[in-house]
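Summary of the model geometry
Listed here are the chains, written in short residue letters.
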Amino acid sequence: MDQRSDRGRLQGRARARGHQAACGAVLAALLLGGCVGSPTEGPVEFWRNAFGAPLEGRPLPPGTEGAYPSIASVPPAPPRGAASEREALRDALADARSQSRTPVLPGRPVPPPPAGAESAGQVPLAPPRPPRLSAAPPVPRGSPDAAPGLAPAPAAPDLPADPGAPPAPPPAEFMAPSPPAPPAGGMAAPPPPRL
């Protein structure tokens, strides 16, 4: 009995390995199918385009044929400038920093930009005034000849004397037709279908 159960277990494991191999092959095919550049290109064409003949006529990227650059070839540092220029720049930056810490209150004039700023004189301190538009001629109301081509506006409807009173019923032509009379003979119409 032990030999039969052992044989069954071995066959079950072999089947499980076969299923695992099949699932692995399907997964590999799906992953390989995702490696394409366009719907008409398969994995083989993708591999050839990435590593094959199309690269042969292409020039190499610049700098690949030369030797590794020497660190000693770094250019020297730029000159620092005169000490008086550095002190003037330091003072201007300190002044700008102190001005930025005090808020500009409404109604007070805005401080001018620094003298060495690139935008000095280009940005106005106040926004421009809106343009003045010419006035349109007045149009009198109520006269039909005042605006040719336009019909006069309809008069406003009269309001009821008591706003809490129910409104008057609509005219008969706006009411729904009455239901048809039952047929003579005592038979009633079938009920409407249920939806």
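Residues numbered from 1 in each chain as written. Predicted model: local features only at pLDDT ≥ 70, side-chain atom pairs only at ≥ 80, totals over all residues. Heavy atoms only, no water.

Let's talk about the overall build of the chain
The test is simple: Numbering goes from the N terminus for both helices and strands, where a helix is a DSSP run of H or I of at least four residues and a strand is a run of E of at least two. For the exposure calls, accessible area comes from a 1.4 Å probe over protein chains only, and a residue counts as buried if that area is under 20% of its type's maximum, exposed if over 50%, partly exposed in between. All accessible-area figures derive from a Shrake-Rupley calculation using a 1.4 Å probe, and residue coverage is judged against the displayed protein chains alone.
Counting its regular elements, the chain contains three helices and zero strands. What you see in the chain, going N to C, is helices and strands ordered as α-α-α. For the chain, the residues scored as buried account for 1% of the 195 residues in total. Accessible area for the chain stands at about 19100 Å²; split by element, carbon and sulfur atoms hold 64% of it.

Points about the pattern of salt bridges
Worth spelling out the cut-off: Salt bridges, as used here, are contacts in which a Lys or Arg side-chain nitrogen is within 4 Å of a carboxyl oxygen on Asp or Glu.
Scanning all chains against the criterion turns up one salt bridge. A salt bridge links Arg90 to Asp91, with the shortest nitrogen-to-oxygen separation between them at 3.9 Å.

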